[in-house]
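Here is how the chains run, residue by residue.
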Amino acid sequence: MTFVTCDLCDEHADKVSVVTGLNWFSYGGRQAFGGEIVTVKCFEDNSRVKEQLATDGKGKVLVVDGGGSLRNALIGDMIAENAVSNGWEGVIIYGACRDVRELAKLDLGVVTLGCVPIKSVRRGEGQLNIDVTFGGVTFRPGDFVYADANGVISSTEALL
């Protein structure tokens with residue numbers, strides 16, 4: 001999938017919502033990615049992230065509302081490797097990741113607010129496929145999201 005979010009914004013200005021006010025970092029080996037949105041809402045507990053990325057993700061992007069926490073990583077190399085094995089396009093986390101050198105080797109988009117070496121706690125908490133909002137955008141399961149070095153955008157319809 002080759003695209004530039006700037007071009008998608010120019011071509012579909014009336015169809016996109018742009019995440020603003022957040023500093024994103026790209027850690028995955030895939031620099032541009034997009035697909036159908038699947039959501040998880042959790043706080044410092046990656047149980048649901050791990051479960052979702054163990055399912056078929058062909059054409060999908062996991063959007064995680066981690067409450068903006070940078071205290072615990074919600075994805076690391078082992079969960080990301082599982083995501084690649086299951087065909088996920090990428091993961092966008094309003095929170096942190098870890099194992100950044102290993103993430104960079106994987107054919108997966110990984111965009112987060114930052115990284116931290118501390119792993120997630122696991123309490124089995126979190127919600128799946130609910131609307132989540134951060135950066136001024138509400139991400140709805142079944143909508144579409146696109147990310148690259150320019151930022152993160154969403155749309156109610158596929159733009160590619």
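Look above for the structure.
Residues numbered from 1 in each chain as written. Predicted model: local features only at pLDDT ≥ 70, side-chain atom pairs only at ≥ 80, totals over all residues. Heavy atoms only, no water.

(A) Inspection of the overall build of the protein at higher detail. Within the protein, the secondary structure is distributed over 4 helices and 11 strands. Over its C-alpha trace the protein gives a radius of gyration of 14 Å, about what one expects of a compact globule, namely 15 Å for 160 residues. Taken over 160 residues, the protein has a buried fraction of 51%. For the protein, the share of sequence-separated contacts (at least 6 apart) that also reach a separation of at least 24 residues comes to 74%. Distance from the positive charge centre (15 side chains) to the negative charge centre (21 side chains) of the protein: 8 Å. (Helix = DSSP H or I, 4+ residues; strand = E, 2+ residues; numbered from the N terminus. Rg over C-alpha atoms; globule rule 2.2 N^0.38 Å. Buried < 20%, exposed > 50% of the residue type's maximum accessible area, 1.4 Å probe, protein only. Contact = heavy atoms within 4.5 Å. Lys, Arg positive; Asp, Glu negative; His and termini not counted. Charge placed at Lys NZ, Arg CZ, Asp CG, Glu CD.)

(B) Representation of the pattern of salt bridges in the model. Tallied over the full model, the rule gives 9 salt bridges. Between Glu44 and Arg71 there is a salt bridge, with its nearest N and O atoms 2.6 Å apart. Pair noted here: Glu44 is in the loop between β3 (33–41) and α2 (47–53) and Arg71 is in the loop between β4 (60–65) and α3 (77–85), with a separation of 27 residues, a long-range link. With its nearest N and O atoms 3.1 Å apart, the salt bridge here joins Arg123 to Glu125. Taking relative accessible area as the criterion, Arg123 reaches 45% and is therefore assigned partly exposed. With a relative accessible area of 41%, Glu125 lands in the partly exposed category. (Salt bridge = Lys/Arg side-chain N within 4 Å of Asp/Glu carboxyl O.)

(C) Spatial organisation of the packing of aromatic side chains. By the definition in use, this model includes 5 aromatic pairs. Summarising the aromatic geometry, the rings of Phe3 and Tyr146 are spaced 5.6 Å apart at their centres and angled 80° between planes, so their arrangement reads as edge-to-face. Here Phe3, found in the segment before α1 (5–11), pairs with Tyr146, found in strand β10 (residues 144–148); they are 143 residues apart in sequence, far enough to count as distant. The buried category is assigned to Tyr146, whose relative accessible area is 2%. Aromatic ring contacts, followed pair by pair, group Trp24, Tyr94, Phe134 and Phe139 into a single cluster. (Phe/Tyr/Trp six-rings, centres within 6.5 Å; stacked < 30°, edge-to-face > 60°.)

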